Amino acid sequence: MKSKKKVLIKLFVSTLYLSAFTFGGGYVIVTLMKKKFVDECHWIEEKEMLDLIAIAQSSPGAIAVNGAIVVGYKLAGIAGTVTAIVATIIPPFAIISLISLFYNAFRNNFIVSEMLEGMQAGVGAVIAAVVYEMAAGVIGGGNRISTVIMVLAFAAACFCRINVIYIVVICVMLGIVHAFWEKRRGI
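Residues numbered from 1 in each chain as written. Predicted model: local features only at pLDDT ≥ 70, side-chain atom pairs only at ≥ 80, totals over all residues. Heavy atoms only, no water.

Here we take up the confidence of the model for the chain. A residue-level look at the chain finds 96% of positions with pLDDT of 70 or above and a mean pLDDT of 85. Taken element by element, the predicted model of the chain shows its lowest mean pLDDT in helix H2 (residues 26-40) (80) and its highest in helix H6 (residues 144-158) (92). (pLDDT = per-residue confidence, 0-100. Helix = DSSP H or I, 4+ residues; strand = E, 2+ residues; numbered from the N terminus.)

Quick look at the structure:
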């Protein structure tokens, strides 16, 4: 019981910290979650983290919260889920509430608008790093079918402008078919 309490406290502090200092949306938190939960805490294997993030991305809602849900559940069940959710939503809730109070005063401020533009560039770089790491994980996994699905999904989204919802649904179906095929082959 004491061990689970320690895990819950560390999970709360970790997800609170990640949520408080991750600017730029949910995709930015993916890399930080990997560094924290895979590289530092060794709670989750890298391949499993990719699977958990895939689940979080294919579920409706904010990826930061979805990621916290699946990681929290993996680590400590329902208590871990609740702990991770609360810790993840506290910082954005507090920050957005504070910003909304002063939004009208700052919305036309030159310095604030330039600062936000600079943040956008940094966020773009972090998202590119996330994409690179996730793609490298899929390619490095050695499963050619997963690599082909990834490339086709990328092409469908970027070049054919197919709605991401359709791409996710098709990829889920392909993943299910692939899993049954592999199971049937005995792999």
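The terminal C-alpha atoms of helix H3 (residues 46-57) lie 16 Å apart, and with 12 residues this matches the ideal 16 Å at 1.5 Å per residue to within 8%. Along H3, the positions that sit buried rather than exposed are Met 49, Leu 52, Ile 53 and Ala 56. The buried side chains of H3 occupy one side of the element, clustering within an arc of 100° when seen end-on. (Expected span 1.5 Å × (residues − 1). Buried < 20%, exposed > 50% of the residue type's maximum accessible area, 1.4 Å probe, protein only. Arc of directions from axis to C-beta.)

What follows concerns unusual backbone geometry. Here the phi dihedral of His 42 falls at roughly 55°; this positive angle occurs in a residue that is not glycine. By secondary structure assignment, the location of His 42 is in the loop between H2 and H3. Here His 42 falls in the exposed class, since its relative accessible area comes to 60%. Backbone geometry at Arg 161 places phi at a positive 55°, although glycine is not the residue there.

Let us look at helix H7 (residues 164-185). With 22 residues, H7 should cover 32 Å at 1.5 Å per step; its first-to-last C-alpha distance of 31 Å lies within 8% of that length. Listing the buried residues of H7 in full gives Ile 167, His 178 and Glu 182. Buried residues of H7 fall within an arc of 35° about the axis and therefore sit on the same side. Looking at H7, the residues exposed on the side facing more than 90 degrees away from the buried face are Ile 165, Tyr 166, Val 177, Phe 180, Lys 183 and Arg 184. Packing partners of the buried residues in H7 comprise H6. (Contact = heavy atoms within 4.5 Å.)

Bringing the side chain of Thr 83 into the picture now. Structurally, the position occupied by Thr 83 is in helix H4 (residues 63-106). One polar contact links the side chain of Thr 83 to the main-chain carbonyl oxygen of Ala 79, over a distance of 2.7 Å. In contact with Thr 83, other than residues within four places in its own chain, are Leu 8, Leu 11, Phe 12 and Thr 15. (Polar contact = N/O pair within 3.5 Å; in protein donor to acceptor, adjacent residues only side chain to side chain.)

Core analysis: the biggest nonpolar cluster contains 19 residues, and Met 33, Phe 37, Ile 44, Met 49 and Val 71 have the highest contact counts within it. Put simply, the parts of the chain that give this core at least two residues each are helix H1 (2-20), H2, H3 and H4. A total of six residues in this core trace back to one element, the largest contributor, which is H4. Discounting chain neighbours no more than four positions away, the residues touching Ile 44 are Phe 37, Val 38, Met 49, Leu 52, Val 71, Lys 74 and Leu 75. (Core = buried A, V, L, I, M, F, W, Y, C linked by side-chain atoms within 4.5 Å.)

Looking now at the environment of Thr 81. Its location among the elements puts Thr 81 in helix H4. Among the residues examined, Thr 81 registers a relative accessible area of 11% and is labelled buried. Sequence spacing of Thr 81 and Val 131 is 50 residues, and the spatial spacing of their C-alpha atoms is 26 Å.

What follows is about the packing of helix H5 (residues 110-140) against H6. Closest axis-to-axis distance for the H5/H6 pair is 8 Å, and the angle between their directions is 145°. Residues Ala 135, Val 138 and Ile 139 of H5 form the contact with H6, whose participating residues are Ser 146, Thr 147 and Met 150. Here the residues of the contact of H5 with H6 are counted per class, giving four nonpolar, two polar and no charged. (Axes fitted to C-alpha atoms, helices over the stretch in contact; angles between N-to-C directions. Nonpolar A, V, L, I, M, F, W, Y, C, P; charged D, E, K, R; others polar.)

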